[in-house]
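Chain by chain, the residues run as shown.
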Amino acid sequence: MPHATIRDIAREAAVSVATVSRAMNGHSNVRPELRAHIESVATRLGYVPMPPRAT
């Protein structure tokens with residue numbers, strides 16, 4: 001089974017990909033309850049963040 005992506009999380013959480021990205025990166029402009037919902041969905045889907053790439 002392939003890994004979940006932020007697009008999968010966005011679809012399940014009914015939010016935009018940008019909102020998922022902001023929530024996962026700790027931006028302060030995401031409501032705490034929405035961040036908790038997104039993190040819950042990410043955990044349920046088995047989301048594993050990709051490591052940063054070297055440039």
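In what follows, the accompanying structure is described. (Residues numbered from 1 in each chain as written. Predicted model: local features only at pLDDT ≥ 70, side-chain atom pairs only at ≥ 80, totals over all residues. Heavy atoms only, no water.)

Regarding the overall build of the protein
Logical step 1: When helices and strands are counted, the protein shows 3 helices and 0 strands.
Logical step 2: Going from the N terminus to the C terminus, the protein shows its helices and strands as α-α-α.
Logical step 3: In terms of overall dimensions, the protein is globule-like: its C-alpha atoms have a radius of gyration of 11 Å, near the 10 Å expected for 55 residues.
Logical step 4: Its C-alpha atoms give the protein principal-axis dimensions of about 30 × 30 × 15 Å.
Logical step 5: Across the 55 residues that make up the protein, the buried fraction comes to 24%.
Logical step 6: Long-range pairs, those at least 24 residues apart, make up 39% of the contacts in the protein with a sequence separation of at least 6.
Logical step 7: Approximately 4,300 Å² of the protein is accessible, and the part contributed by carbon and sulfur atoms is 56%.
Logical step 8: Seen as two clouds, the 7 positive and the 4 negative side-chain charges of the protein have centres 7 Å apart. (Helix = DSSP H or I, 4+ residues; strand = E, 2+ residues; numbered from the N terminus. Rg over C-alpha atoms; globule rule 2.2 N^0.38 Å. Buried < 20%, exposed > 50% of the residue type's maximum accessible area, 1.4 Å probe, protein only. Contact = heavy atoms within 4.5 Å. Areas by Shrake-Rupley, 256 points an atom, 1.4 Å probe, with all protein chains shown as cover. Lys, Arg positive; Asp, Glu negative; His and termini not counted. Charge placed at Lys NZ, Arg CZ, Asp CG, Glu CD.)

Here we look at the pattern of salt bridges
Logical step 1: Under the counting rule described, the total for this entry stands at 3 salt bridges.
Logical step 2: Between Arg11 and Asp8 there is a salt bridge, with its nearest N and O atoms 2.7 Å apart. Of this pair, Arg11 and Asp8 both sit in helix 1 (residues 6–13), 3 residues apart, which is roughly one turn of that helix.
Logical step 3: Residue Asp8 is classed as partly exposed on the basis of its relative accessible area, which comes to 24%. (Salt bridge = Lys/Arg side-chain N within 4 Å of Asp/Glu carboxyl O.)

Everything listed here is a matter of geometry and, on its own, says nothing about what the molecule does.
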